Amino acid sequence: SEERVSARAYVVNSGILGHASVALVVATALADAADVSVVHVNLSDALTTRERVVRRLMCWGGRAPTNRADALTFARWRRELHAGVLAARRLRTAEHRDGPADVLYFHTQATAWASVARMRRTPSIISIDITQRLASCEVAAGMRRWQYDACASRDREVFRAARAIVATSQWAADDLTRDLPEIGDRIHVMPYPVPMEGFATEWGAERAARVGAVRLLFMGGDFPRKGGWDLLEAWRVAQLGPQAELHLVTDWPLDARQLPVGITVHAGIRSYTPAWFEQWRAADVFV
């Protein structure tokens, strides 16, 4: 066809945990964009053997932010750098296949770590959900925070090179503005959208008419960071098993045999799929 394309946008997404959901929302939102050709680069899709080897080498070590060995070996910094290196490589491959980008969109900032020079040539948007400084507050003070400082230094280069930064909360935007006041006019707050068409108004009436055990729902890919262990401990202490059900939607490796009575784990459920909406429909309380 002779359809005119005025801009070619490359959308880069790490594809891990909740970022995969963001990629789906972005893809859906841009599907009908007029005069824009959109190329999605999901870093978790179709990893080659070479990419898997490189990932293993660059990301070796655990994922616990409280682990002292990980702090000393800068595990977080290495994982962030890996996302940036893989993104830069995939971008080059995609552009060779589909043509040069007019606009670049990165979610989150680590995916742009190895593309700062490119960002200075091509208008780029960075999407963030948290800053390194805010993330560092989740670990004890001391050497465990050193790697966050190193990550923050690279983040600043990315933010300065971006034409716009989209923060998913005012909380993250305010912290970034305090750290880099000179780019304050480029920071915009845009909470994650939700595809409301998947929900139905009659669910409330269904819920009110239900009898039986109260059904509680938890969703979170990063089970520890989302408070999963605290939730399990509260469940044990309250001894809610006979009166209620707790449904955990997560891919985190949990041994179902060691969970308290009344808990069911649902793995492999992806955001905005029929199975995902059905979990919301069946729940009485979200925790």
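Each value, and the rule that gives it
Residues numbered from 1 in each chain as written. Predicted model: local features only at pLDDT ≥ 70, side-chain atom pairs only at ≥ 80, totals over all residues. Heavy atoms only, no water. Pairing = 2+ DSSP bridges. Helix = DSSP H or I, 4+ residues; strand = E, 2+ residues; numbered from the N terminus. Contact = heavy atoms within 4.5 Å. Axes fitted to C-alpha atoms, helices over the stretch in contact; angles between N-to-C directions. Parallel < 35°, antiparallel > 145°, perpendicular 65-115°, else oblique. Nonpolar A, V, L, I, M, F, W, Y, C, P; charged D, E, K, R; others polar. Core = buried A, V, L, I, M, F, W, Y, C linked by side-chain atoms within 4.5 Å. Buried < 20%, exposed > 50% of the residue type's maximum accessible area, 1.4 Å probe, protein only. Patch = residues over 30% accessible without salt bridge, like charges linked within 9 Å, V, L, I, M, F, W, Y side chains within 5 Å. Areas by Shrake-Rupley, 256 points an atom, 1.4 Å probe, with all protein chains shown as cover. Salt bridge = Lys/Arg side-chain N within 4 Å of Asp/Glu carboxyl O.

A. A look at the sheet that holds strand β9 (residues 263–266). One open sheet accounts for 4 strands, arranged β9-β8-β7-β10; its pairing is parallel. The open sheet has two free edges, formed respectively by β9 and β10 (285–286), since each of these has just one partner strand. As paired elements, strand β7 (residues 214–219) and strand β8 (residues 244–249) share 6 bridges and run parallel to each other. Bridging from a neighbouring strand, Val 214 pairs with Ala 244 of β8. Relative to the sheet, helix α10 (residues 228–238) contacts β7, β8 and β9, its axis offset from that of β8 by approximately 165°. Lying over the sheet, helix α11 (residues 274–282) contacts β7, β8, β9 and β10, oriented at roughly 140° with respect to β7.

B. Region of interest: the packing of helix α4 (residues 75–98) against helix α7 (residues 146–161). Contact pair α4 / α7: the axes reach a minimum separation of 8 Å and the direction vectors enclose 30°. By the angle between their directions, the pair α4 and α7 is classed as roughly parallel. Every residue of α7 that contacts α4 at Ala 75, Arg 76, Trp 77 and Glu 80 is listed here: Gln 147, Tyr 148, Ala 150 and Cys 151. Considered class by class, the residues forming the contact of α4 with α7 number 5 nonpolar, 1 polar and 2 charged.

C. A look at the nonpolar core. Ranked by size, the top nonpolar core spans 34 residues in total, and within it Tyr 10, Phe 106, Met 119, Ile 126, Ile 128, Phe 159 and Ile 165 carry the most contacts. Those residues in contact with Ile 165 that lie beyond four places of it in its chain are Ile 126, Ile 128, Phe 159, Leu 176, Ile 183, Arg 186, Ile 187 and His 188. Formed by 12 residues, the second largest nonpolar core is a distinct cluster that contains Leu 232, Ala 244, Leu 246 and Leu 254.

D. Seen up close, a nonpolar patch on the surface. Where nonpolar side chains cluster on the molecular surface, the patch consists of Val 214, Val 285 and Val 287 and spans about 190 Å² of accessible area. Assignment of secondary structure puts Val 214 in strand β7.

E. Geometry of the pattern of salt bridges. Under the defined criterion, the tally for this structure stands at 15 salt bridges. We note a salt bridge from Arg 225 to Glu 138, for which the minimum N-O separation is 3.1 Å. In this pair, Arg 225 is assigned in the loop between β7 and α10 and Glu 138 in the loop between α6 (132–136) and α7, connecting sequence segments 87 residues apart. Note on Arg 225: relative accessible area 43%, which makes it partly exposed. Note that Glu 182 is salt-bridged to Arg 160, the shortest N-O span being 3.4 Å. You can see Glu 182 sitting in the loop between α8 (170–179) and β6 (187–189) and its partner Arg 160 sitting in helix α7, a full 22 residues away along the chain. Under the relative-accessibility criterion, Glu 182 is labelled partly exposed at 47%. When its relative accessible area of 45% is taken as the criterion, Arg 160 is described as partly exposed. Within the structure, one salt-bridge network assembled from shared partners comprises Glu 51, Arg 89 and Arg 90.

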